[in-house]
Amino acid sequence: MTVEQFTAHTFYGQTLFAGMISPHVKSLCQQKEIKYHDFMEDDAVAIANGIATAEGAIMEAISRSSGNLHGSKCLLLGFGRCGKTLAIKLKGLDANVTVAARKSSDLALANALGMGEVQVRKDLAMVSDGGRPKLGYLRENLIEDISPVALIPNLRYADFNCNRITSIEPLK
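Owing to the predicted nature of the structure, the values given are computational and were not obtained by experimental measurement.

1. A closer look at the sheet that holds strand β4 (residues 96–101)
Spatial strand order, β3-β4-β5: three strands in an open sheet with parallel pairing. Among the strands making up the open sheet, the edge pair consists of β3 (73–77) and β5 (116–119). Neighbouring strand axes in the sheet, compared pairwise and without regard to direction, differ in orientation by 20 degrees on average. Where β3 and β4 come together, five bridges link them in parallel fashion. Opposite Leu75, over in β4, you have Thr98 as the bridge partner. Sheet contacts for helix α4 (residues 81–92): β3 and β4; angle to β3, the most-contacted strand, approximately 170 degrees. Against the sheet, helix α5 (residues 104–112) touches β4 and β5, its axis set at about 165 degrees to β5.

In structure tokens:
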């Protein structure tokens with residue numbers, strides 16, 4: 001069902017409850033005077049979701065890797081709620097975590113937590129997806145510096161089966 005098909009069956013006085021409501025859907029709701037509540041705008045819900053997502057990413061990394069996370073080099077693209085949680089949990093497993101982020105405050109926090117940091121604008125070609133980083137192209141020297149396990153906090157793309165990122169396949 002498309003968004004347009006869904007909103008065709010909505011009417012004034014209804015309330016939409018969902019998570020990660022897109023600006024497009026919000027606009028359609030506003031046009032029809034439909035109230036909406038985005039669960040992911042609630043920090044407590046978003047943080048709890050980040051914990052589950054981080055644990056799922058670690059499970060995927062362990063199941064798809066022939067080695068240990070301990071001592072591996074992990075590059076995280078983005079340092080939002082989920083990225084921060086994932087970075088801290090990976091650090092707890094003694095992984096060597098490097099954070100690629102846009103904000104200098106995020107890079108400073110990563111450094112304070114004992115993680116490496118890379119300024120996105122200088123070292124990565126990224127495009128935005130609603131404020132979240134999408135994997136673009138990694139500069140060759142960054143690719144060579146990461147080991148077979150590279151975790152990406154939006155969890156859409158990762159390749160756990162090679163010594164370098166040469167292809168991207170979606171996680172399910």
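2. Things to note about the nonpolar core
Ranked by size, the top nonpolar core spans 18 residues in total, and within it Leu76, Phe79, Leu86, Leu90, Val97, Val99 and Met115 carry the most contacts. The element contributing the most residues to this core is helix α3 (residues 43–64), with four residues. If you look at the next biggest cluster of nonpolar residues, it comprises five residues, including Leu16, Ile21, Cys29 and Ile34.

3. Quick word on the packing of α3 against α4
Any two packed helices are characterised by the angle at which their axes cross and by the distance between the axes. Look at α3 against α4: their axes get within 8 Å of each other, and the N-to-C directions meet at 45 degrees. Compared by their axis directions, α3 and α4 come out oblique. Regarding α3 and α4, the two cross each other, and that crossing is right-handed. Contact with α3, carried on its side by Asp43, Ala46, Ile47, Gly50, Ile51, Thr53, Ala54, Glu55, Ala57 and Ile58, involves Arg81, Cys82, Thr85, Leu86, Lys89 and Leu90 of α4 and no other residues of that element. The residue inventory of the contact of α3 with α4, partitioned by class, reads nine nonpolar, three polar and four charged.

4. Description of the pairing of β5
The pairing of β4 with β5 spans four bridges and is classified as parallel. If you follow Ala101 over to β5, its bridge partner there is Gln119. Crossover handedness for the path β4 to α5 to β5: right-handed.

5. Some remarks on α3
With 22 residues, α3 should cover 32 Å at 1.5 Å per step; its first-to-last C-alpha distance of 31 Å lies within 8% of that length. Of the residues making up α3, those classed as buried are Ala46, Gly50, Thr53, Ala54, Ala57, Ile58, Glu60 and Ala61. Down the axis, α3 shows its buried residues gathered within 160 degrees of arc, on one side only. For α3, the exposed residues set more than 90 degrees away from the buried face come down to Ala44, Met59, Ile62 and Ser63. Looking at the buried residues of α3, the elements they touch are α4. Structurally, the start of α3 carries an N-cap: the backbone nitrogen of Ala44 is 3.0 Å from a side-chain oxygen of Asp42.

6. Topic: the pairing of strand β2 (residues 35–38)
Where strand β1 (residues 15–18) meets β2, four bridges bridge the pair, whose relative direction is parallel. Residue pairing in the sheet places Phe17 in a bridge with His37 of β2. In this view, the connection linking β1 to its parallel neighbour β2 by way of helix α2 (residues 23–31) has right-handed handedness.

7. Quick word on the packing of aromatic side chains
Using the criterion set out here, one finds one aromatic pair in the structure. Ring plane angle 25 degrees and centroid distance 6.2 Å describe the contact between Phe17 and Phe39, whose orientation is recorded as stacked. Here Phe17, found in strand β1, pairs with Phe39, found in the loop between β2 and α3; they are 22 residues apart in sequence, far enough to count as distant.

Cut-off values and rules
- Residues numbered from 1 in each chain as written.
- Predicted model: local features only at pLDDT ≥ 70, side-chain atom pairs only at ≥ 80, totals over all residues.
- Heavy atoms only, no water.
- Pairing = 2+ DSSP bridges.
- Helix = DSSP H or I, 4+ residues; strand = E, 2+ residues; numbered from the N terminus.
- Axes fitted to C-alpha atoms, helices over the stretch in contact; angles between N-to-C directions.
- Contact = heavy atoms within 4.5 Å.
- Core = buried A, V, L, I, M, F, W, Y, C linked by side-chain atoms within 4.5 Å.
- Buried < 20%, exposed > 50% of the residue type's maximum accessible area, 1.4 Å probe, protein only.
- Parallel < 35°, antiparallel > 145°, perpendicular 65-115°, else oblique.
- Left-handed = near helix turned anticlockwise from the far one by under 90°.
- Nonpolar A, V, L, I, M, F, W, Y, C, P; charged D, E, K, R; others polar.
- Right-handed = clockwise from strand over helix to strand, strands pointing away.
- Expected span 1.5 Å × (residues − 1).
- Arc of directions from axis to C-beta.
- Polar contact = N/O pair within 3.5 Å; in protein donor to acceptor, adjacent residues only side chain to side chain.
- Phe/Tyr/Trp six-rings, centres within 6.5 Å; stacked < 30°, edge-to-face > 60°.

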